[in-house]
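Below, each chain spelled out in residue letters.
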Amino acid sequence: MADKKKSIYDELSERITDSGRISIYFDLVRNEILNTLNVGSERRELSLPDVKFLLESASILALSSSDQNKQIAYSIVILIYSQYKNFYATLKPIVEVTTRSIKYFNFQ
């Protein structure tokens, strides 16, 4: 039996999740928690390159075969939209395309 090859999206997803740069995602989550607690002054605002990286990562993670990666992708786009929709006018279409590309995953 031949070994099943990984998809390009799975390979790229591994690179993303193994990179140190994905820690920006944790800043995004932290910001959301601080917003919820009304302690916004302690937020770490993400730079435009950080937001771009996360959106690019989400678009790749969304196409991964891993449910966990799809959940991270969903979380990224929803949190970025929630926190940055007033800063970047073009976020809505990006979020819509990414969430549409997340198919058939189960929330754990």
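Residues numbered from 1 in each chain as written. Predicted model: local features only at pLDDT ≥ 70, side-chain atom pairs only at ≥ 80, totals over all residues. Heavy atoms only, no water.

A. Spotlight on the pattern of salt bridges. Evaluated as defined, the whole model comprises four salt bridges. Here Glu14 and Lys6 are joined by a salt bridge, their closest N and O atoms 2.3 Å apart. Taking relative accessible area as the criterion, Glu14 reaches 37% and is therefore assigned partly exposed. Of the charged contacts in the structure, one is a salt bridge between Arg21 and Asp50, with a shortest N-O distance of 3.9 Å. Placement of the pair is Arg21 in the loop between helix H1 (8–18) and helix H2 (24–36) and Asp50 in helix H3 (residues 48–61), with a sequence separation of 29 residues. The class for Arg21 is partly exposed, based on a relative accessible area of 38%. Residue class for Asp50 comes out buried when judged on its relative accessible area of 9%. When salt bridges with common partners are traced through the structure, they connect Arg21, Asp27, Arg44 and Asp50 into a single cluster. (Salt bridge = Lys/Arg side-chain N within 4 Å of Asp/Glu carboxyl O. Buried < 20%, exposed > 50% of the residue type's maximum accessible area, 1.4 Å probe, protein only. Helix = DSSP H or I, 4+ residues; strand = E, 2+ residues; numbered from the N terminus.)

B. The side chain of Thr98, seen in detail. Considering the arrangement of structural elements, one finds Thr98 in helix H5 (residues 91–101). When its relative accessible area of 5% is taken as the criterion, Thr98 is described as buried. Apart from residues no more than four positions distant in its own chain, Thr98 is found in contact with Ala58, Ser59, Ala62 and Val77. (Contact = heavy atoms within 4.5 Å.)

C. Structural context of the nonpolar core. Of all hydrophobic cores here, the largest spans 23 residues; its most connected members are Tyr25, Leu28, Leu46, Leu54, Ile76 and Ile80. Among the elements that line this core, the one with the most residues is helix H4 (residues 67–84), at seven residues. Apart from residues lying up to four places away in sequence, Ile76 is in contact with Tyr25, Leu28, Leu54, Ala58 and Leu61. (Core = buried A, V, L, I, M, F, W, Y, C linked by side-chain atoms within 4.5 Å.)

D. The arrangement of H1 in detail. Of the positions making up H1, those classed as buried are Asp10, Ser13 and Ile16. For H1, the arc enclosing every buried residue in end-on projection is 120°, short of the 170-degree limit, so these residues lie on one face. Away from the buried face of H1 by more than 90 degrees, exposed residues Ile8, Arg15 and Asp18 are located. Buried-residue contacts for H1 involve H3 and H4. (Arc of directions from axis to C-beta.)

E. Looking closely at a nonpolar patch on the surface. Taken together, the side chains of Ile8, Tyr9 and Leu63 make up a nonpolar region of the molecular surface, amounting to roughly 270 Å² of accessible area. Tracing the backbone shows Leu63 in the loop between H3 and H4. (Patch = residues over 30% accessible without salt bridge, like charges linked within 9 Å, V, L, I, M, F, W, Y side chains within 5 Å. Areas by Shrake-Rupley, 256 points an atom, 1.4 Å probe, with all protein chains shown as cover.)

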